[in-house]
Amino acid sequence: MIIGLNKITIRRPDDWHLHVRNDYLLKLVLPYTSSIFGRAMIMPNLLPPITNIKSAINYRNKILSLLPKNHKFIPLMTCYLTESSNPNEIELGFNTGVFAAVKLYPQSSTTNSSYGIKNITSVNKVLERLQKIGMPLLIHCEITDINVDIFDREAYFIEKIMQPLRKRFPELKIVMEHISTKEAVEYVNSSDNKIAATITPHHLMLNRNDLLTNYINPHFYCFPIIKSKLHQQALREAVSKGNPNFFLGTDSAPHFRCTKENKCGHAGIFNAPTALLAYATVFEELNAIKYFESFCSENGARFYDLSLNKEKITLIRKRCEIKKTINLFPYDLVPFLAGKTLNWSIKD
Ligand code: NCD
Ligand code: ZN
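- As named in an unreviewed UniProt entry, the protein chain is Dihydroorotase, taken from Candidatus Pantoea edessiphila.
- Taken verbatim from the UniProt record of the protein chain, the Subunit (unreviewed entry) comment is "Homodimer."
- Among the UniProt annotations of the protein chain, the heading Catalytic activity (unreviewed entry) holds the following wording: "(S)-dihydroorotate + H2O = N-carbamoyl-L-aspartate + H(+)".

Here's what the structure looks like:
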């Protein structure tokens, strides 16, 4: 890494949690990621979800076919875990390089999670197999009991699901996805190297006042819901200390403006165009630029036992105005931090 006052050069980063959707939306959003990131862990929550080798290969081929010619980008595929997932299919997918990981969505936790897991013990056989073959399990860590307050879903999940799960499968490699609380930070900090977590730019930059004060901002609405400042600060402190078990995962999750600015607004923030600049802003605010490269480009690859990217990317201190909207007639997308100006830009 080369750090100057007005220039930072790092290894090309990877995005360890990304939604690129499908068809024309995939075509629109993909280049925002593939122009910056070397690889991304592609989330499987399409309709229908990616639950087997065949659908993962088709989806990967579609992504590759829509890549702009000059972009070098590797999509890493995940398998959506259902209560009827077959451990043999998952193992075969892992051994043949089709699946990089399995994704566990608790049922009704988020967008397209209706095929997800109701009862964690129903997938014991799969979890046993993942532990045996060293295949990572990526978890959306929120309990969906309607009696649990939405702001407490993650903390409850850790207590009620994660802790017992870890006792049963101590060698299982787990990534807690898009963590949003002090409890999750403490859990990762006090765990061994089998547990890691991704952290999004929006959970680092926002707290629930940004979401709810004056007017509700549907473009800051996502799962896990943005928490109070106390939790935001715990996440910021986590990345500022350089613990290698935290790494970049944008959770860029595009939904058209009309489905966000809606009486039943969808959850998810489209941050692919701004994520890296937003992270740079946060690390600079925290006086932690020395950990910027490891968070963005090294910790995740090491956790997944993958090689580090060789190429470099340079950020320069130059004002960057974030577009208010990205058009896809007749719809449009509102990127994270739309209309704002950031101090960092990507060098062409
Ligand atoms: C994601 C989506 O829209 O696919 N939404 C979100 O709020 N983050 C799903 C997810 O990662 O929870
Ligand atoms: Zn996600």
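Considering the sheet that holds strand S2 (residues 7–11)
Next up, step 1: With antiparallel pairing, the four strands of this open sheet are ordered in space as S1-S2-S11-S14. The two strands at the open ends of the sheet, each matched to only one other strand, are strand S1 (2–3) and strand S14 (341–346).
Next up, step 2: Here S2 runs beside strand S11 (residues 312–321); their pairing, made up of five bridges, is antiparallel. Looking at the pairing, Arg 11 lines up with Lys 312 of S11.
Next up, step 3: Strand contacts of helix H12 (residues 292–303): S2 and S11, with the helix running at about 25 degrees to S2, the strand carrying the most contacts.

Describing the nonpolar core
Next up, step 1: One finds Met 176 and Phe 292 to be the most contacted residues of the largest nonpolar core, which totals 99 residues.
Next up, step 2: Sorting elements by how many residues they give to this core places helix H11 (residues 275–285) first, with eight residues.
Next up, step 3: Dropping the residues within four chain positions of it, Phe 292 is found in contact with Ile 8, Ile 10, Leu 276, Tyr 279, Ala 280, Phe 283 and Leu 315.
Next up, step 4: Counting 16 residues, the second largest nonpolar core, distinct from the first, contains Trp 16, Leu 138, Phe 303 and Leu 308.

Some remarks on the state of the cysteines
Next up, step 1: Using the criterion set out here, one finds zero disulfides in the structure.
Next up, step 2: Considering cysteine sulfurs only, Cys 258 is the nearest to Cys 264, which forms no disulfide, with 13 Å between them.
Next up, step 3: The thiol of Cys 296 is not disulfide-bonded; the next cysteine sulfur, from Cys 320, is found 16 Å away.
Next up, step 4: Accessibility expressed as a relative area gives 1% for Cys 296, which makes it buried.

Some words on the coordination of the zinc ion (ligand 2)
Next up, step 1: Within the protein, the zinc ion (ligand 2) binds to His 17 (NE2), His 19 (NE2) and Asp 251 (OD); these donor distances fall in the range 2.0 Å.
Next up, step 2: Given four donor atoms and angles of 94 to 133 degrees at the metal, the environment of the zinc ion (ligand 2) is assigned as tetrahedral.
Next up, step 3: Between consecutive donors of the zinc ion (ligand 2), the numbers of intervening residues give the motif H-x1-H-x231-D. With a gap of 232 residues between them, His 19 in the loop between strand S3 (15–18) and helix H1 (23–34) and Asp 251 in the loop between strand S10 (246–248) and helix H10 (257–260) connect regions that are remote in the sequence.
Next up, step 4: The exposure class of Asp 251 is buried, given its relative accessible area of 5%.

Quick word on the site of ligand 1
Next up, step 1: Taken together, 15 residues lie near ligand 1, and Arg 21, Thr 110, Phe 223, Asp 251 and His 255 sit nearest.
Next up, step 2: The contact in question runs from an oxygen atom of ligand 1 to an N or O atom on the side chain of Arg 21, over 2.8 Å.
Next up, step 3: Measuring from a nitrogen atom of ligand 1, one finds a side-chain N or O atom of Asp 251 at 2.8 Å.
Next up, step 4: Relative to its unbound accessible surface of 320 Å², ligand 1 loses 100% to contact with the protein.
Next up, step 5: Placement of ligand 1 is best described as lying within the largest cavity.
Next up, step 6: Residues of the shell around ligand 1, tallied by class, amount to four nonpolar, nine polar and two charged.

Concerning empty space enclosed by the protein
Next up, step 1: The full count for this structure, using the stated rule, is three cavities of 30 Å³ or more.
Next up, step 2: Of the pockets and cavities examined, the largest cavity occupies roughly 120 Å³.
Next up, step 3: Along its surface, the largest cavity is lined by 17 residues, and His 19, Thr 110, Phe 223, Asp 251 and Ala 253 are the ones closest to its centre.
Next up, step 4: Of the residues that constitute the lining of the largest cavity, the class distribution is six nonpolar, nine polar and two charged.

Describing the UniProt feature "binding site: substrate" (unreviewed entry) in the protein chain
Next up, step 1: Within the UniProt annotation, "binding site: substrate" (unreviewed entry) is assigned to His 19, Val 20, Arg 21, Asn 45, His 140, His 255 and Ala 267. Among the annotated residues just listed, those that line the largest cavity are His 19, Arg 21, Asn 45, His 140 and Ala 267.
Next up, step 2: By the secondary structure assignment, Val 20 is in the loop between S3 and H1.
Next up, step 3: Excluding residues that lie within four positions of it along the chain, Val 20 makes contacts with Leu 25, Leu 26, Val 29, Leu 30, Ile 42, Tyr 59 and Ile 63.
Next up, step 4: On the secondary structure map, Arg 21 appears in the loop between S3 and H1.
Next up, step 5: In contact with Arg 21, not counting residues within four places along its chain, are Leu 26, Asn 45, Leu 46, Tyr 59, Ala 253, Pro 254 and His 255.
Next up, step 6: In terms of polar contacts, Arg 21 uses its side chain to reach the backbone carbonyl oxygen of Pro 254, at 2.9 Å.

Remarks on the sheet that holds strand S6 (residues 99–104)
Next up, step 1: Here we have eight strands laid out as an open sheet, ordered S3-S4-S5-S6-S7-S8-S9-S10, and parallel in their pairing. The open sheet has two edge strands, S3 and S10, and neither has a second partner. Direction aside, the axes of adjacent strands within the sheet are offset by 30 degrees on average.
Next up, step 2: With four bridges joining them, strand S4 (residues 39–42) and strand S5 (residues 74–80) adopt parallel strand pairing. Along S5, the bridge assignment pairs Met 41 with Leu 76.
Next up, step 3: Helix-sheet contacts for H12 involve S3, S4, strand S8 (174–176), strand S9 (195–199) and S10, and the interaxial angle to S10 is about 115 degrees.

Rules used in this analysis
- Residues numbered from 1 in each chain as written.
- Chains lettered and ligands numbered in written order.
- Predicted model: local features only at pLDDT ≥ 70, side-chain atom pairs only at ≥ 80, totals over all residues.
- Heavy atoms only, no water.
- UniProt positions renumbered as here; feature names shortened; annotations may be inferred.
- Pairing = 2+ DSSP bridges.
- Helix = DSSP H or I, 4+ residues; strand = E, 2+ residues; numbered from the N terminus.
- Contact = heavy atoms within 4.5 Å.
- Axes fitted to C-alpha atoms, helices over the stretch in contact; angles between N-to-C directions.
- Core = buried A, V, L, I, M, F, W, Y, C linked by side-chain atoms within 4.5 Å.
- Buried < 20%, exposed > 50% of the residue type's maximum accessible area, 1.4 Å probe, protein only.
- Disulfide = S-S within 2.5 Å.
- Donors = N, O, S within 2.8 Å, 3.2 Å for Na, K, Ca; no water.
- Tetrahedral: all angles 85-135°; square planar, octahedral: opposite > 155°, others 65-115°.
- Near = heavy atom within 4 Å.
- Polar contact = N/O pair within 3.5 Å; in protein donor to acceptor, adjacent residues only side chain to side chain.
- Areas by Shrake-Rupley, 256 points an atom, 1.4 Å probe, with all protein chains shown as cover.
- 1 Å grid on protein atoms, 1.4 Å probe; cavity = no way out; pocket = protein on both sides within 12 Å on 5 of 7 lines; lining within 4 Å.
- Sits in = over half its atoms within 2 Å of the grid points.
- Nonpolar A, V, L, I, M, F, W, Y, C, P; charged D, E, K, R; others polar.
- Points joined across faces, edges and corners; volume = space filled by probe spheres on them.

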